[in-house]
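# Structural overview for review
The primary structure of each chain is shown beneath.
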Amino acid sequence: MDHYDSQQTNDYMQPEEDWDRDLLLDPAWEKQQRKTFTAWCNSHLRKAGTQIENIEEDFRDGLKLMLLLEVISGERLAKPERGKMRVHKISNVNKALDFIASKGVKLVSIGAEEIVDGNAKMTLGMIWTIILRFAIQDISVEETSAKEGLLLWCQRKTAPYKNVNIQNFHISWKDGLGFCALIHRHRPELIDYGKLRKDDPLTNLNTAFDVAEKYLDIPKMLDAEDIVGTARPDEKAIMTYVSSFYHAFSGAQKAETAANRICKVLAVNQENEQLMEDYEKLASDLLEWIRRTIPWLENRAPENTMHAMQQKLEDFRDYRRLHKPPKVQEKCQLEINFNTLQTKLRLSNRPAFMPSEGRMVSDINNAWGCLEQAEKGYEEWLLNEIRRLERLDHLAEKFRQKASIHEAWTDGKEAMLRQKDYETATLSEIKALLKKHEAFESDLAAHQDRVEQIAAIAQELNELDYYDSPSVNARCQKICDQWDNLGALTQKRREALERTEKLLETIDQLYLEYAKRAAPFNNWMEGAMEDLQDTFIVHTIEEIQGLTTAHEQFKATLPDADKERLAILGIHNEVSKIVQTYHVNMAGTNPYTTITPQEINGKWEHVRQLVPRRDQALTEEHARQQHNERLRKQFAAQANVIGPWIQTKMEEIGRISIEMHGTLEDQLSHLRQYEKSIVNYKPKIDQLEGDHQLIQEALIFDNKHTNYTMEHIRVGWEQLLTTIARTINEVENQILTRDAKGISQEQMNEFRASFNHFDRGEAEFARIMSIVDPNRLGVVTFQAFIDFMSRETADTDTADQVMASFKILAGDKNYITVDELRRELPPDQAEYCIARMAPYSGPDAVPGALDYMSFSTALYGESDL
């Protein structure tokens, strides 16, 4: 690789490209360099009356090369060799190369042999080294030189042109406006710059090249088509051509250089003054910033909220990250500027700079030390404060939560405790309220810990200097006051409930006692009223006397009953007294009874009213019973005579019927006289009936003075009359029997004797009794005995005999007709038979046939019965 390195100009050749790489990468650049370098060489050779056609051929002998160096340097080189031999050419080329080296240019890998041999790349490299050294190296613009100086010169000259932006020596020149701007800047009359268009680079380039060649004696070193057609024009070619513009305007540049020198001196002074002003301002600003910042860092006043402290920490971190680092740089820069300024002043033989009082570097260092002292511990304080506030926020939130929970729990509790529902409650309800209150007290006790926690948290918040402590304290105080009030109200309610319970229990006991005593007393009164109003029925004076005695005994109990009533009412009055004294609002009536004092008094008054009525009723009844007693005695006196009389008569009749002597006719006569004597006793019976009527009207149903009732007398009288009548009838029937059966008086006497001494064996006796006492009355009349005896001793009719008689009347038929009966028997007997005979149903039956056989059997069957 070929490098040109100028030790005198601080390696201005270092940025150049490698020639081999250039040629290998883009052959178009070699074409541009050939043309440009050839034109540049000819622009100088023509001053010596010569030129070259082919750059790599025409410099091979070294003669035109040496001539070129003499023209552009203005110095004479060693005398060239005029021989045609290769050695002569190499000698000439070496002389040229030595001259170039003598100008401080170090040639690397460029040897005379390559030039003599016509090596194009080496030749172009050599020419470029010459252009750099003699056309570009000495360019100096504002302390920049060579390539950078040339570039800066181009930028300064084209700066007023808005559509020109020179940043390099290749694509910045493609539109041609850069070349036109350089010409227009120095010779504005040569180009109408306003008519140029950025989108017409060929016209712009050709205009610049033509004007430069015609009016500025700068030959065409470039082709417009090559520049436009190449993506990146060759930098060396452009630099070479642009340097020609620089040197073309060298006259103007000299004046500019003089002005620059003056400006440079003035600029140094201005720069120094500006540095002084900048120092003063920077020092003043820095000191002012330190003055403002130190109180901020020394301020340890805590914020009230976590957010505010976090913002402070964030501000401090911004200060450390954003605000202080620039100030550190400013302080450092201030010291550097101060030192640089003093150095510049010393080098330019100017007096040293003395800052204003208090703005010395030492003053700034002292202030900076104070700043860092204030800053020391500030972040630690911030973090401690944040931890404290975090703890405070946690405690405050905990306080708020617990306070809110407690306040929600206590909501309505005071009103609940103040309510006087117990005033209208029953005992059972009071007991339920007490149970509920006990549960509430347990709940209240359970919340004691929370209240203590709330107070403890509030205390800790105060100790940690919480900003909102007044609000916390007020809320805590309110909770504590409310808690104390709840405790007082709870105790007060318990006392009220217990007092009410005790009162209600007392009342309940009184109610119970009242009920226990009122119920039997009420029952007693109701029983008394029932007894006093009871419509008694008595039949004897003893009974009424018994009632009167009982009534008197009842009246004797009334004072004690009245005392019981008053005691019962006293119990009720005790309840009323308790209610009035202790203002108990009774919720209801006595649960144990529905009996009210008003009812007791009402019933008692009724009893008192009923007593005299009962007295009167008993007195009246006593009088009535005395009257009845007289009626009883009156009836008894007669009944006790009539009853035995009837009984005596009955016994007499019995004896008469047994002991009668004489003929039946004599007996009959005697009995009728006896009957008459009995009938004559009838007025006494009637009189007794009158007395009995009075007794019945008086509703007298018993009589202890006699065992005889009117019914007994009547029955006895009727039985007496019946007995005498039957006895008479019996004698009459005996007469009929005697006459019908022809029984003699002696037989009758025997029958009588047998009847009076009737006695047979048991079986025989049963047979006879079934005949003489068919109704099982246990009585056998003498008439029945006569019938039996006459049947036993006489030849009497039988059912077969009657049946045989009917068969004779029927003409020996098994039935008999109605006409036959009416023809053969008397009318009444015939009708009797017709009415009782059943129709005959045998096989030989005819209409109207009657069954005399069953009739005969039934006839004697009835007689047997």
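What counts and how
- Residues numbered from 1 in each chain as written.
- Predicted model: local features only at pLDDT ≥ 70, side-chain atom pairs only at ≥ 80, totals over all residues.
- Heavy atoms only, no water.
- Pairing = 2+ DSSP bridges.
- Helix = DSSP H or I, 4+ residues; strand = E, 2+ residues; numbered from the N terminus.
- Buried < 20%, exposed > 50% of the residue type's maximum accessible area, 1.4 Å probe, protein only.
- Contact = heavy atoms within 4.5 Å.
- Core = buried A, V, L, I, M, F, W, Y, C linked by side-chain atoms within 4.5 Å.
- Axes fitted to C-alpha atoms, helices over the stretch in contact; angles between N-to-C directions.
- Parallel < 35°, antiparallel > 145°, perpendicular 65-115°, else oblique.
- Nonpolar A, V, L, I, M, F, W, Y, C, P; charged D, E, K, R; others polar.
- Phe/Tyr/Trp six-rings, centres within 6.5 Å; stacked < 30°, edge-to-face > 60°.
- Lys NZ or Arg CZ within 6 Å of the ring centre and 35° of its normal.

## Topic: the sheet that holds strand β5 (residues 816-817)
Sheet architecture is open: three strands sit in the order β5-β7-β6, paired in antiparallel fashion. Among the strands making up the open sheet, the edge pair consists of β5 and β6 (838-839). One ladder, built from two bridges, connects β6 with strand β7 (residues 849-851); its direction is antiparallel. Counterpart to Ala838 in the pairing with β7 is Asp851.

## Here's the deal with unusual backbone geometry
Leaving glycine aside, a negative phi is the common case for residues, and trans is the common case for peptide bonds. Even without a glycine there, the phi angle at Asn349 is positive, about 55 degrees. Here Asn349 falls in the exposed class, since its relative accessible area comes to 72%. At Leu699, a position not held by glycine, the phi torsion is positive, near 55 degrees. Note that Leu699 resides in the loop between α24 (682-697) and α25 (710-741). For Leu699, a relative accessible area of 51% gives the class exposed.

## Let's talk about the side chain of Lys649
Inspection of the secondary structure puts Lys649 in helix α22 (residues 597-659). Given a relative accessible area of 16%, Lys649 falls into the buried group. In this structure Lys649 touches Tyr674 and Leu720, once residues within four positions along its chain are discounted.

## Describing the nonpolar core
Buried together is how nonpolar side chains tend to be arranged in soluble globular proteins. Ranked by internal contacts, the top residues of the largest apolar core, which has 78 residues, are Ile130, Phe179 and Phe245. Looking at this core element by element, the count peaks at 11 residues for helix α7 (residues 120-136). Beyond its immediate sequence surroundings of up to four residues, Phe179 is in contact with Trp173, Leu205, Ala208, Phe209, Leu222, Ile238, Tyr241, Val242 and Phe245. Formed by 43 residues, the second largest nonpolar core is a distinct cluster that contains Leu287, Met306, Leu341 and Trp381.

## A look at the packing of α22 against helix α23 (residues 664-679)
The contact between α22 and α23 brings their axes to 12 Å, and the two run at 175 degrees. One way to sum up the angle between α22 and α23 is to call them roughly antiparallel. Where α22 approaches α23, its residues Trp645, Lys649, Glu652, Ile653 and Ile656 are matched on the opposing element by His670, Leu671, Tyr674 and Ile678. Here the contact of α22 with α23 is built from residues that sort into six nonpolar, one polar and two charged.

## Details of the packing of aromatic side chains
To describe a pair of aromatic rings, one takes the distance between the centres and the angle between the planes. The final tally for this structure, using the stated rule, is 33 aromatic pairs. Through a chain of ring-to-ring contacts, three or more aromatic side chains come together here, namely Trp289, Trp296, Phe316, Tyr319, Trp368, Tyr378 and Trp381. One cation-aromatic arrangement involves Arg133 over Phe134; the distance from NZ or CZ to the ring centre is 5.3 Å.

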